[in-house]
Amino acid sequence: MAAQPSSTDAAHASNASVPTTERVLNFGDALALWFSLGVGLLVMQVGAYLRPGLSLPQAAGAIVLGSILGAGLLAWVAGIGSKHGLSSSALIGRTLGQRFAVLPVAVNVLQLLGWTAFELVVMRDGTRTIVDHVFGVRAAWVPVLATLAWGALLLVLASGRMIGLVRRLVSRAAMPLIVASLLWLSYQFGLKAWQQGIAALWARPGDGSMSLLAAVDLVVAMPVSWLPLVADYARYGRHAGATARGTWIGYAAANIWCYGLGVLVISVSPADIDMLSTLLLAQGGLIALGFILVDEVDNAYGDVHSGAVSSNFLHNRWSIRRAGMTLVVLATAAALALPMHALEPFLLTLSSVFVPLFGVVIAQLAPGLPPHSNWRWGPMLVWLVGIAVFQAGTVWW
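**Concerning the nonpolar core**
And step 1. The biggest cluster of nonpolar side chains holds 109 residues, and the ones touching the most others in it are Trp34, Leu41, Met44, Leu50, Leu182 and Leu279.
And step 2. The element that contributes the greatest number of residues to this core is helix 6 (residues 102-135), accounting for 10 residues.
And step 3. Sequence-distant contacts of Leu279, defined by excluding residues within four places in its chain, comprise Leu41, Met44, Leu185, Phe189, Val265, Gly285 and Leu289.

Okay, structure coming up:
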């Protein structure tokens, strides 16, 4: 027989509303959490994709517009989750019906498994670059050991409580170090841009390999990838409005900063050097990169926790803790063989599924919760049509 959920996990099961007495996260907690989740080497690397297709002014416009729009959607869903104390999977169940919701929630578990593996790959590659730079070791065992080490740390975090991680580690300890690292890297590469001539870099045209609309889509894709997760944290928010504002400001600021830093780094660096090596070569880059690399752990943990909550929705005999630890093991195994290629199509495919879905969630649940139902045919049809329209838009425009 499968193990029954512990009392702690049962209190926060994916279908249950979090009691008002346990909604303890305030505006500052939400801002710190989503700023931290918005910062990452992966975001910088995706930001680098905007060059050389776009000029710097075009890239800046796409980053600001896409970040505000994407984080706005994130905040809207966060407000709904906080208002009702419900997880993302529970919101999907109320929108589409409990039975049909199994399909998107299962897709969410698979995509979160993929995102966790991608985060482990980023941490693995970062560790390998640091070891090569500091010790000159390029042995084949380094990335394997790095993947296993980061996976083990993630496994320890998955065995604990999410609230403690957010309030103690992210809000109080990690936030100042992350901001300091970003400020230092921005100063270093801003200085390089100044030395190369900011006016010349700003006036340099793009090569046209990426359209402005595609660039905005790519920027929106990063915050949108968190849409199926945001309510899993927002349901612990004390006030819906404060939770939504903290989520919006925190994530938009981080997304703009990291996408912009990625564009800046790739614009002032030689074409034959990768981003991780470029960051390391900057003065103080080793320390800054190390802090950002450690911060990547909470991104991976965010995927694991929400994947576990969604797994609990699908099979409530598995506790959230047990499901999370299982996902870590599977993601670590996948990361041992996973390359970084095909990331952009992966992000855009996720957008095509979850942007229409949470558009329907917002439309259905913003006015209030509908009664429980197994099948809600109207919202189901709108979601499926939305996916088709989204895919058609990427082809035609």
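**Comments concerning the environment of Pro143**
And step 1. Positionally, Pro143 belongs in helix 7 (residues 141-158).
And step 2. Relative accessible area serves as the criterion here: at 14%, Pro143 is assigned to the buried category.
And step 3. Sequence-wise, Pro143 and Val121 are 22 residues apart; in three dimensions their C-alpha atoms are separated by 9.0 Å.
And step 4. With residues near it in sequence (within four places) discarded, Pro143 still touches Arg124 and Arg128.

**What to know about the pattern of salt bridges**
Close approach of charged atoms allows side chains with opposite charge to pair.
And step 1. Across all of its chains, the model carries three salt bridges by this definition.
And step 2. Between Arg124 and Asp125 there is a salt bridge, with its nearest N and O atoms 3.1 Å apart.
And step 3. When the shortest N-O distance is used, the salt bridge between Asp132 and Arg138 registers 2.9 Å.
And step 4. Each member of the salt-bridge network shares a partner with another, and the members are Arg124, Asp125 and Arg128.

**Some thoughts on the environment of Asp303**
And step 1. Inspection of the secondary structure assignment puts Asp303 in helix 14 (residues 285-314).
And step 2. You can call Asp303 buried: its relative accessible area is 3%.
And step 3. When the C-alpha atoms of Asp303 and Gly114 are compared, they prove to be 9.1 Å apart, with 189 residues separating the residues in sequence.
And step 4. Apart from the residues lying within four places of it in its own chain, the contact partners of Asp303 are Leu112, Trp115, Thr116, Glu119, Trp226 and Leu229.

**Let's talk about the environment of Asn374**
And step 1. Its location among the elements puts Asn374 in the loop between helix 16 (343-365) and helix 17 (377-396).
And step 2. What makes Asn374 partly exposed here is its relative accessible area of 36%.
And step 3. As a C-alpha pair, Asn374 and Leu96 span 278 residues in sequence and 7.9 Å in three-dimensional space.
And step 4. Residues in contact with Asn374, not counting those within four places in the same chain, are Leu96, Gly97, Gln98, Arg99 and Phe100.

**Quick notes on the packing of helix 4 (residues 56-84) against helix 11 (residues 227-234)**
Geometry of a packed helix pair, given as the angle between the helix axes and the separation of the axes.
And step 1. It is the contact of helix 4 with helix 11, at a shortest axis distance of 8 Å, that shows an interaxial angle of 40°. Taken together, the axis directions place helix 4 and helix 11 in an arrangement best described as oblique. By crossing handedness, the relation of helix 4 to helix 11 is classed as right-handed. Together, Leu73, Leu74, Val77, Ala78, Gly81 and Ser82 of helix 4 and Leu227, Val230, Ala231 and Ala234 of helix 11 make up the contact between the two elements.
And step 2. Looking at side-chain class alone, the contact of helix 4 with helix 11 contains eight nonpolar, two polar and no charged residues.

Here is what the cut-offs are and how they apply
- Residues numbered from 1 in each chain as written.
- Predicted model: local features only at pLDDT ≥ 70, side-chain atom pairs only at ≥ 80, totals over all residues.
- Heavy atoms only, no water.
- Core = buried A, V, L, I, M, F, W, Y, C linked by side-chain atoms within 4.5 Å.
- Buried < 20%, exposed > 50% of the residue type's maximum accessible area, 1.4 Å probe, protein only.
- Helix = DSSP H or I, 4+ residues; strand = E, 2+ residues; numbered from the N terminus.
- Contact = heavy atoms within 4.5 Å.
- Salt bridge = Lys/Arg side-chain N within 4 Å of Asp/Glu carboxyl O.
- Axes fitted to C-alpha atoms, helices over the stretch in contact; angles between N-to-C directions.
- Parallel < 35°, antiparallel > 145°, perpendicular 65-115°, else oblique.
- Left-handed = near helix turned anticlockwise from the far one by under 90°.
- Nonpolar A, V, L, I, M, F, W, Y, C, P; charged D, E, K, R; others polar.

Honestly, that's just the spatial picture; any functional story needs more than this.
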